[in-house]
Amino acid sequence: ERKRLKGLKGKVPTTRDGVAVELLSNIELPSDLDQVKANGATGIGLFRSEFLFLGRDEVPCEDEQFEAYRAVVEEMGALPTTIRTLDLGADKVPKWQKENLSINPALGLCGIRLCLAEPQMFRTQLRALLRASQYGNLQLLVPMLISITELSQMLMHLELAKQSLADEGVPFNKNIRVGAMVETPAAVVMISSFLKYVDFISIGTNDLIQYTLAIDRGDDAVAHLYDPVHPAVLHLIHQTIKAADRVGVPVSVCGEMAGDHHLTRLLLGLGLRKFSMHPAHLLDVKQKVLHTDLIEIQQHINRMLKAEDSDKMRDLLDQLNA
Ligand code: PEP
Ligand code: MG
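Residues numbered from 1 in each chain as written. Chains lettered and ligands numbered in written order. Predicted model: local features only at pLDDT ≥ 70, side-chain atom pairs only at ≥ 80, totals over all residues.

A. Highlighting the overall build of the protein chain. The helix and strand tally for the protein chain stands at 14 helices and eight strands. In terms of overall dimensions, the protein chain has a C-alpha envelope of 60 × 45 × 35 Å along the principal axes. Within the protein chain, buried positions represent 41% of all 322 residues. In the protein chain, once contacts between residues fewer than 6 apart in sequence are set aside, the share between residues at least 24 apart is 70%. (Helix = DSSP H or I, 4+ residues; strand = E, 2+ residues; numbered from the N terminus. Buried ≥ 20, exposed ≤ 12 C-beta atoms within 10 Å, placed from the backbone. Contact = placed C-beta atoms within 7 Å.)

B. Structural context of the UniProt feature "binding site: phosphoenolpyruvate" (unreviewed entry) in the protein chain. What UniProt calls "binding site: phosphoenolpyruvate" (unreviewed entry) maps, in this numbering, to Arg48, Arg84, Asn206, Asp207 and Arg217. By the element assignment, Arg84 lies in strand β3 (residues 81–84). Discounting chain neighbours no more than four positions away, the residues touching Arg84 are Leu46, Phe47, Arg48, Ser49, Leu141 and Pro143. Tracing the chain through its elements places Arg217 in the loop between α9 (205–213) and α10 (231–247). Assessed through the 17 C-beta atoms surrounding it within 10 Å, Arg217 is described here as partly exposed. (UniProt positions renumbered as here; feature names shortened; annotations may be inferred.)

C. Inspection of the UniProt feature "binding site: Mg(2+)" (unreviewed entry) in the protein chain at higher detail. In the UniProt entry, the feature "binding site: Mg(2+)" (unreviewed entry) is given for Glu183 and Asp207. Over a stretch of 25 residues, the named residues converge on one spot in the fold, their C-alpha atoms separated by at most 5.3 Å. Among the structural elements, Glu183 can be located in the loop between β5 (177–182) and α7 (185–189). If we skip the residues at most four places from it in the chain, Glu183 touches Pro143, Met144, Gly204, Asp207 and Leu208.

D. The arrangement of the pairing of strand β2 (residues 44–48) in detail. Within β2, five of the five residues are buried, leaving the element largely enclosed by the surrounding structure. As paired strands, strand β1 (residues 22–27) and β2 are joined by three bridges and run parallel to one another. Looking across to β2, one finds that Ile27 is bridged to Phe47. In this fold, the crossover linking β1 to β2 by way of helix α2 (residues 33–38) has right-handed handedness. (Pairing = 2+ DSSP bridges. Right-handed = clockwise from strand over helix to strand, strands pointing away.)

E. Quick look at the site of ligand 1. Ligand 1 sits among Leu46, Arg48, Asp87, Glu183, Gly204, Thr205, Asn206, Asp207, Cys254 and Gly255. Contributing elements (two or more residues each) for the shell around ligand 1: β2 and α9. For the shell around ligand 1, the element with the highest residue contribution is α9, accounting for three residues. Classifying every residue of the shell around ligand 1 by side-chain character gives two nonpolar, four polar and four charged. (Near = placed C-beta within 6 Å. Nonpolar A, V, L, I, M, F, W, Y, C, P; charged D, E, K, R; others polar.)

F. The arrangement of the nonpolar core in detail. Ranked by internal contacts, the top residues of the largest apolar core, which has 83 residues, are Tyr69, Leu129, Val142, Ala180, Val182 and Ile201. For Val142, the residues in contact, after removing those within four places along its chain, are Thr85, Ile112, Leu151, Met154, Val178, Ala180 and Met181. (Core = buried A, V, L, I, M, F, W, Y, C linked by C-beta atoms within 7 Å.)

G. Focus on the pairing of strand β6 (residues 200–203). Side chains Phe200 and Ser202 project from β6 onto one buried face, and the interleaved Ile201 and Ile203 project onto a second face that is buried too. Of the strand pairs in this sheet, β5 and β6 are connected by four bridges, and their pairing is parallel. Note that in β6 the partner of Gly179 across the bridge is Phe200. Summarising the sheet, β6 and strand β7 (residues 251–253) pair through three bridges and their orientation is parallel. Its bridge partner being in β7, Ile201 is matched across the sheet by Val251.

H. Quick peek at the packing of helix α5 (residues 119–132) against helix α6 (residues 148–168). Viewed as axis vectors pointing N to C, α5 and α6 meet at an angle of 60°, and their least axial separation amounts to 9 Å. In terms of their interaxial angle, α5 and α6 are classed as oblique. The hand of the α5/α6 crossing is right-handed. Packed against α5, whose contacting residues are Pro119, Phe122, Arg123, Leu126, Arg127, Leu130 and Arg131, the element α6 presents His157, Leu158, Leu160, Ala161, Lys162, Ser164 and Leu165 at the interface. Here the residues of the contact of α5 with α6 are counted per class, giving eight nonpolar, two polar and four charged. (Axes fitted to C-alpha atoms, helices over the stretch in contact; angles between N-to-C directions. Parallel < 35°, antiparallel > 145°, perpendicular 65-115°, else oblique. Left-handed = near helix turned anticlockwise from the far one by under 90°.)

I. Representation of α9. Of all the nine residues making up α9, seven are buried; the element is thus mostly covered by neighbouring parts of the structure. Where α9 is concerned, the buried positions are Thr205, Asp207, Leu208, Ile209, Gln210, Tyr211 and Thr212. Buried residues in α9 make contact with β5, α7, β6, α10 and β7. Where α9 ends, the next residue or the one after it, Ala214, has phi of about 60°, a positive value.

J. Spotlight on α5. For α5, which comprises 14 residues, the first-to-last C-alpha distance of 20 Å matches the rise-based estimate of 20 Å (1.5 Å per residue) to within 8%. The complete set of buried residues in α5 reads Phe122, Gln125, Leu126, Arg127, Ala128, Leu129, Leu130, Arg131 and Ala132. The elements touched by buried residues of α5 are α3 (62–76), β3, α4 (111–117), β4 (138–142) and α6. (Expected span 1.5 Å × (residues − 1).)

Below, the structure is given as structure tokens:
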């Protein structure tokens, strides 16, 4: 079976009825790139840059960050490399942040909030990213947004970082694309506004599930309630994809759902055409794409969108995959 999947590596992911799908890879460190190539991903949909900051005593300096980002961007060449700006806090706490833990870390100073609260650190990262943008096809992705205010503040910091590099005569891509992660219910409610200001969006289902269902993604006591096919979650994903399609803004899913081949058909049915996942899942998902006829499943998807609870949804999901 593994061997047969390996044979799919060079195959273009297209549904039976001829719809093209993009399969991208998530990475945590530049050393993950081997796996990306081995599984035939056509880009990086999520580079979790905070992993460069974890498990060490100090924040990496601009040059060290630049080297790490450049290594990835250069290796990917013309293929898109999406680097997420620092998403620390909550479940990703660096050594130097341990003392001021919030009572509810997932609701505390994390993601873009932490970056806006530490402008020096953020500006250093943005400068490193901009410098790396010169070496390939780099785009930025902003995590944990809840408001347009945060997005404008982020864009202001980006402008200032650009200005400082320009003043020093350091080259960078002036038109670097910026995307928003959709991982809070607030971002979905405000999606039309976000879509006006970004070049693309990516749905972070791991957190979107957590914040929609009020289930701590790391708490074993409620793990049985952490449910990707809860109708509320699927409706939010559907709403986001439809809103992006209406205005022609590219949309992907980069949470774990994108790498679960049991959910591939469902996500395709909800309109998703761009999946970013751990590279180990890529060929399984590709196989599912190749064996799916979108026209054939549409009625069934409509039925799923009417399901009122997860049990019903699971029954329908089993039928969809049968
Ligand atoms: C997500 O929340 O779905 C996501 C991709 O980001 P992370 O898992 O790193 O929080
Ligand atoms: Mg997240």
